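So you can see what is in the structure, the chains are spelled out below.
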Amino acid sequence: MSRPLGADERLAGRACCAPCLRRSWLLAALAPHLDLVWKQRRPLRDVLALGDAELIDALGGSARDELHGRRFAFDPDAALRRCDAARVTPVCRHDQRFPQRLRTGPGAPTLLHVAGSVDRFAALLSHDGEPAPAVAIVGTRRASEEGLEMARTLGRGLAAAGVVVISGMALGIDSAAHAGALEGGAATIAVLAGSAEVAYPRSKAGLHRRLVGEASVVSELPPGFRPFRWCFPARNRIIAGLAQLTVVVEGAERSGSLITADFASALGRDVAAVPGRATSP
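Residues numbered from 1 in each chain as written. Predicted model: local features only at pLDDT ≥ 70, side-chain atom pairs only at ≥ 80, totals over all residues. Heavy atoms only, no water.

## A closer look at helix 12 (residues 231-242)
Working step 1: Here helix 12 contains 12 residues, and its C-alpha end-to-end distance of 17 Å stays within 8% of the 16 Å for a straight helix at 1.5 Å per residue.
Working step 2: Within helix 12, 12 of the 12 residues are buried, which leaves the element mostly enclosed by the surrounding structure.
Working step 3: Every buried residue belonging to helix 12 is among Cys231, Phe232, Pro233, Ala234, Arg235, Asn236, Arg237, Ile238, Ile239, Ala240, Gly241 and Leu242, and all of these are buried. (Helix = DSSP H or I, 4+ residues; strand = E, 2+ residues; numbered from the N terminus. Expected span 1.5 Å × (residues − 1). Buried < 20%, exposed > 50% of the residue type's maximum accessible area, 1.4 Å probe, protein only.)

In structure tokens form, the structure reads like this:
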């Protein structure tokens, strides 16, 4: 009698392994606890660097035993079926198509869910086996007209030159950068704080459809996940990790764009800023 296949054998030929799928599920399960970490201003990078069991022990509280039980009972096949139903493909760090720049650094993601063509996603980030040039363009949601035009112009010019534009599809600067990149040839990747298959914010559903169809949308969280506060800085570390250079177009003193710049700096990546008006806060 043939023996039952192990989880990793059942996943052979897929773009993700069972432990990485489980990690994504665990982050979703611990989302409320991770929100407390962020509100307490504890270093999110260090918490996300913990292993699965350590993460549950550190954050699980009264639900710790239940979470450990669910971790051992995790069904990768069911997770893959949910991905298939949502039309997203999980790609983990053990797959050659996983971005090389995201393989290092404390708390780096183990998996990305890709909405749209996985081959296109991989091609955007790799040329002849080497990381492709990529620039993150980030900034405030409450952008000025000048800031929006600058983000759109930068996105268009970089994409036209074959440089991938990375951003978060948020209102304001992020969405303007993606729109410009689509005009310049669609060399752009949106990193979402929620699940990759759902537009966030909803008002950007049209942009999301274009990005899925012409470029790429990714998230480390599983299908159906709705973002918590901590998901936005966690998303920002991925934006910074994918790019060689992070450009802040406009951003308030405590804005998410400066969190992205901090992550980029910690990774040893270049950070730049667009000069603003002297009277602008």
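## Concerning the sheet that holds strand 7 (residues 188-191)
Working step 1: Strand order in the open sheet made by the eight strands is 1-2-8-7-6-5-9-10, with mixed pairing throughout. Looking at the sheet topology across the chains shown, the edges are occupied by strand 1 (88-92) and strand 10 (270-273). Here the strands of the sheet are splayed against their neighbours by 25° on average, with no regard to which way each runs.
Working step 2: Bridge count for strand 5 (residues 134-138) against strand 6 (residues 164-167) is three bridges, and the pairing is parallel. (Pairing = 2+ DSSP bridges. Axes fitted to C-alpha atoms, helices over the stretch in contact; angles between N-to-C directions.)

## Some details on the nonpolar core
Working step 1: With 36 residues, the main nonpolar core has Ile137, Ile166 and Ile189 as its most contacted residues.
Working step 2: A total of five residues in this core trace back to one element, the largest contributor, which is strand 5.
Working step 3: Residues within four places of Ile137 in sequence aside, it is in contact with Ala151, Leu154, Gly155, Leu158, Val165, Ile166, Ser167, Ile173, Asp174, Ala177, Val247 and Val249.
Working step 4: Grouped together as the second largest cluster of nonpolar side chains are 30 residues, Cys16, Leu27, Leu30 and Leu111 included. (Core = buried A, V, L, I, M, F, W, Y, C linked by side-chain atoms within 4.5 Å. Contact = heavy atoms within 4.5 Å.)

## As for unusual backbone geometry
Working step 1: At the junction of Tyr200 and Pro201, the peptide bond is cis and its omega measures out at 5° in the coordinates.
Working step 2: The topology assignment puts Pro201 in the loop between strand 7 and helix 11 (205-214).
Working step 3: A positive phi angle, close to 60°, is found at Arg87, a residue other than glycine.
Working step 4: With respect to the element layout, Arg87 can be found in the loop between helix 7 (76-86) and strand 1.
Working step 5: Overall, Arg87 belongs to the exposed group, its relative accessible area being 74%.
Working step 6: Phi is positive for Asp128, close to 55°, though the residue is something other than glycine.
Working step 7: When you line up the elements, Asp128 lands in the loop between strand 3 (126-127) and strand 4 (130-131).

## So, the environment of Arg210
Working step 1: Turning to its location among the elements, Arg210 is positioned in helix 11.
Working step 2: Taking relative accessible area as the criterion, Arg210 reaches 38% and is therefore assigned partly exposed.
Working step 3: Here the alpha-carbon distance between Arg210 and Gly51, two residues 159 residues apart in the chain, equals 36 Å.
Working step 4: In this view, Arg210 contacts Leu182 and Ala215; residues no more than four positions away in its chain are not counted.

## Topic: the confidence of the model for the chain
Working step 1: Per-chain confidence: the chain averages 91 in pLDDT, with 95% of residues scoring 70 or above.
Working step 2: Predicted confidence is poor over residues 1-13, with pLDDT under 50, and the contacts of this stretch with residues over four places away or in other chains come to 17 contacts. (pLDDT = per-residue confidence, 0-100.)

## Some thoughts on the pairing of strand 7
Working step 1: Residues Thr188 and Ala190 of strand 7 are buried on one face, and the alternating residues Ile189 and Val191, pointing to the opposite face, are buried as well.
Working step 2: With three bridges joining them, strand 6 and strand 7 adopt parallel strand pairing. By the bridge assignment, Ile166 is partnered in strand 7 with Ile189.
Working step 3: Taken together, strand 6, helix 10 (residues 173-183) and strand 7 constitute a β-α-β crossover, and its handedness is right-handed.
Working step 4: In this structure, strand 7 lies alongside strand 8 (residues 216-219), joined through three bridges in parallel fashion. Counterpart to Ala190 in the pairing with strand 8 is Val217.
Working step 5: For the crossover from strand 7 across helix 11 to strand 8, the handedness is right-handed. (Right-handed = clockwise from strand over helix to strand, strands pointing away.)

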